[in-house]
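Descriptive analysis of the structure
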Amino acid sequence: MPYLGQLPLTGNYNKLDSISGSFNGSTTTFNLTASSVAMEPVVAPALLVSINGVLQQPLTDYTISGSTVTFTTAPASTCLLYTSPSPRDGLLSRMPSSA
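Source: prediction; values computed, not measured.

Moving on to the overall build of the chain. Secondary structure assignment for the chain yields zero helices and eight strands. Starting at the N terminus, the α and β elements of the chain follow one another as β-β-β-β-β-β-β-β. By the burial criterion, 34% of the 99 residues in the chain qualify as buried. With the model as given, the accessible surface of the chain reaches about 6200 Å², and the carbon-plus-sulfur share is 54%.

We now examine the packing of aromatic side chains. Evaluated as defined, the whole model comprises three aromatic pairs. Centre to centre, the rings of Phe23 and Phe30 are 5.1 Å apart; their planes meet at 70 degrees, and the pair counts as edge-to-face. For the pair Phe23 and Phe30, a shared accessibility class is recorded, and that class is buried. Taking 6.3 Å as the distance between ring centres and 90 degrees as the angle between the ring planes, the aromatic pair formed by Phe23 and Phe71 counts as edge-to-face. Of this pair, Phe23 sits in the segment before strand S1 (29-31) while Phe71 sits in strand S7 (residues 68-71), and the two are 48 residues apart along the sequence. Look at Phe71 and you get buried, because its relative accessible area is 4%. A network of ring pairs unites the aromatic residues Phe23, Phe30 and Phe71 as a single cluster.

Bringing unusual backbone geometry into the picture now. The phi torsion of most residues other than glycine is negative, and most of the peptide bonds are trans. Positive phi, close to 55 degrees, is recorded for Ser35, a residue that is not glycine. Relative to the helices and strands, Ser35 resides in the loop between strand S2 (33-34) and strand S3 (37-38). In this model, Asn52 sits at a positive phi of 50 degrees, which is unusual for a non-glycine residue. Within the element layout of this structure, Asn52 appears in the loop between strand S4 (47-51) and strand S5 (54-55).

Strand order across the open sheet formed by three strands is S1-S7-S6, with antiparallel pairing between neighbours. Each of the sheet's edge strands pairs with one partner strand only, and the pair in question is S1 and strand S6 (62-65). Ignoring strand direction, the axes of neighbouring strands in this sheet form an average angle of 25 degrees. Sheet analysis places S1 next to S7, joined by three bridges and oriented antiparallel. Paired with Asn31 across the two strands is Thr68, which belongs to S7.

Turning our eyes to something else, we now look at the side chain of Ser50. For Ser50, the location among the structural elements is in strand S4. By relative accessible area, Ser50 is classed as buried at 11%. From its side chain, Ser50 meets the backbone nitrogen of Gly53 in a polar contact 3.5 Å long. In terms of polar contacts, Ser50 uses its side chain to reach the backbone amide nitrogen of Val54, at 3.4 Å.

A residue-level look at the chain finds 73% of positions with pLDDT of 70 or above and a mean pLDDT of 79. Here residues 87-99 scores under 50 on pLDDT; set against residues more than four positions off or in separate chains, the count is 34 contacts.

Thresholds applied
Note on numbering: residues in each chain are counted from 1, in written sequence order. Residue-level local features of this predicted model are given only where pLDDT is at least 70; pairs of side-chain atoms are given and counted only at 80 or more, and the full residue set underlies all totals for whole chains, interfaces and linings. Only hydrogens and water are removed before side-chain values are computed, so all heavy atoms of the structure are retained for them. Every helix listed is a DSSP run of H or I at least four residues long, and every strand listed is a run of E at least two residues long, numbered separately from the N terminus. Only protein chains enter the accessibility calculation, which uses a 1.4 Å probe. A residue is then buried if its area is under 20% of the maximum for its type, exposed if over 50%, and partly exposed in between. With residues, only the protein chains shown are counted as cover, and all accessible areas are computed by Shrake-Rupley using a 1.4 Å probe. Classification of ring pairs rests on two measures: the distance between centres of Phe, Tyr or Trp rings, Trp counted by its six-membered ring, which must be within 6.5 Å, and the angle between planes, read as stacked under 30 degrees, edge-to-face over 60 and tilted in between. Should DSSP find at least two bridges between two strands, the strands are regarded as paired. Axis definition: a line fitted to C-alpha atoms, over the contacting stretch in the case of helices. Angles run 0 to 180 degrees between N-to-C directions. Polar contact is defined as a pair of N or O atoms within 3.5 Å, subject to the rule that within protein one atom must be able to donate a hydrogen and the other to accept it, and that residues adjacent in sequence are counted only when both atoms are side-chain atoms. A residue's pLDDT is the confidence the predictor assigns to it, expressed on a 0 to 100 scale. Contact definition: two residues touch when any of their heavy atoms are within 4.5 Å.

Structural data, given as structure tokens:
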């Protein structure tokens, strides 16, 4: 029987390196890397960002320029960050392949 419905989105998903250790309450700009290699999301909505369990709104709470993320408000040193590439709206991140 053929597959019914939309085909699942596929892509090259790599875990981003943690930037939480750089949070200090005053810095707003951080480099995005995966296995220490710069990672450039295609657009801000291609990246899910959660700080202390609160999903951040792309273009409102953060922006992306190349391999840099800039937060509107500097995350406090006690904040925990979760980032993940998102297939939302069919936009996949350009991420280096792991060798």
